[in-house]
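# Breakdown of the fold
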Amino acid sequence: MFFIKADTSTQRLNVTIQQIDDAEDLKSILFIVNREVIKLNPGWTAALDFRGMGALEEKLMNYLKELQRSFLNNNVGRIVTLVDNVVLKMQLILMGKESGAYDISSRFSSEKEWKAFLASPPGIDRPTSELF
């Protein structure tokens, strides 16, 4: 199950993905993302909620990198992800480094911290952690 919607009032792309069954799901997600981001101005925020989602099979990880590249190609300002699976979090970090999205990405396991960061102005620095 997934939900993707651009919010022009907050300049945010809201993406919720709870489960990905196969490559067709990821292709659909990429299609909808590319359709929605054109509604947003450069510097927009990608707000990703991946709670409940498990680690991706290796064959699906390239789609994750494509999603990050799509964000970059469409002038995303920051990518803010809520993720509760440690392996998926590591996959996001790896794909972020490969796609070039790592430096503008922040990952959270706490919904409260994620929402607080989303509420902050886009120029705020990415929080740092010894692990990530």
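In the block above lies the structure referred to throughout.
Here's a quick rundown of the structure. A quick note: this is a predicted structure, and the numbers were derived from the prediction, not measured.

All chains considered together, the criterion is met by eight salt bridges. The closest approach of N and O atoms between Glu24 and Lys27, which form a salt bridge, is 3.4 Å. In this pair, Glu24 and Lys27 are both assigned in helix H1 (residues 23–37), three residues apart and thus about one turn of the helix distant. Judged by its relative accessible area of 48%, Glu24 falls in the partly exposed class. With relative accessibility at 41%, the residue Lys27 sits in the partly exposed group. Residue Lys65 is joined to Glu98 by a salt bridge in which the shortest nitrogen-to-oxygen separation is 2.8 Å. One end of the pair, Lys65, is in helix H2 (residues 61–73); the other, Glu98, is in helix H3 (residues 86–99), and 33 residues separate them in sequence. Looking at Lys65, the relative accessible area reads 12%, which means it is buried.

Note that Ala116 resides in helix H4 (residues 111–119). Residue Ala116 is classed as partly exposed on the basis of its relative accessible area, which comes to 48%. A C-alpha to C-alpha distance of 30 Å links Ala116 and Leu60, two positions 56 residues apart in sequence.

Orientation of H1 relative to H2, taken along the N-to-C sense of each, is 0 degrees, at an axis distance of 10 Å. Classified by the angle between their axes, H1 and H2 sit roughly parallel to one another. Where H1 approaches H2, its residues Ala23, Leu26, Lys27, Ile29, Leu30, Val33 and Asn34 are matched on the opposing element by Tyr63, Glu66, Leu67, Ser70 and Phe71. For the contact of H1 with H2, a count of residues per class yields eight nonpolar, two polar and two charged.

This part is about the pairing of strand S5 (residues 105–108). Burial along S5 is two-sided: Ser105 and Arg107 and Ser106 and Phe108, pointing in opposite directions, are all buried. Inspection of the sheet shows strand S4 (residues 76–82) paired to S5 by four bridges, in the parallel sense. The residue of S5 that forms the bridge with Leu82 is Phe108. Running through H3, the crossover from S4 to the neighbouring parallel element S5 is right-handed.

This brings us to H1. Over its 15 residues, H1 runs 21 Å from end to end, which matches the ideal 21 Å to within 8%, given 1.5 Å per residue. For H1, the full list of buried residues reads Asp25, Leu26, Ile29, Leu30, Ile32, Val33, Glu36 and Val37. Its side-chain oxygen placed 3.1 Å from the backbone nitrogen of Glu24, Asp22 serves as the N-cap of H1.

So, about the environment of Ile104. Along the polypeptide, Ile104 turns up in the loop between H3 and S5. Sequence-wise, Ile104 and Val76 are 28 residues apart; in three dimensions their C-alpha atoms are separated by 8.6 Å. The contacts of Ile104, once residues within four sequence positions are left out, are Leu72, Val76, Gly77, Arg78 and Ile79.

A separate point is the sheet that holds S5. Overall, mixed pairing links the five strands, which are arranged S1-S2-S3-S4-S5 in an open sheet. The open sheet terminates on both sides in strands that have one partner only, identified here as strand S1 (2–7) and S5. Here the average twist between neighbouring strands, direction ignored, is 15 degrees.

What counts as what
- Residues numbered from 1 in each chain as written.
- Predicted model: local features only at pLDDT ≥ 70, side-chain atom pairs only at ≥ 80, totals over all residues.
- Heavy atoms only, no water.
- Salt bridge = Lys/Arg side-chain N within 4 Å of Asp/Glu carboxyl O.
- Helix = DSSP H or I, 4+ residues; strand = E, 2+ residues; numbered from the N terminus.
- Buried < 20%, exposed > 50% of the residue type's maximum accessible area, 1.4 Å probe, protein only.
- Axes fitted to C-alpha atoms, helices over the stretch in contact; angles between N-to-C directions.
- Parallel < 35°, antiparallel > 145°, perpendicular 65-115°, else oblique.
- Contact = heavy atoms within 4.5 Å.
- Nonpolar A, V, L, I, M, F, W, Y, C, P; charged D, E, K, R; others polar.
- Pairing = 2+ DSSP bridges.
- Right-handed = clockwise from strand over helix to strand, strands pointing away.
- Expected span 1.5 Å × (residues − 1).
- Polar contact = N/O pair within 3.5 Å; in protein donor to acceptor, adjacent residues only side chain to side chain.

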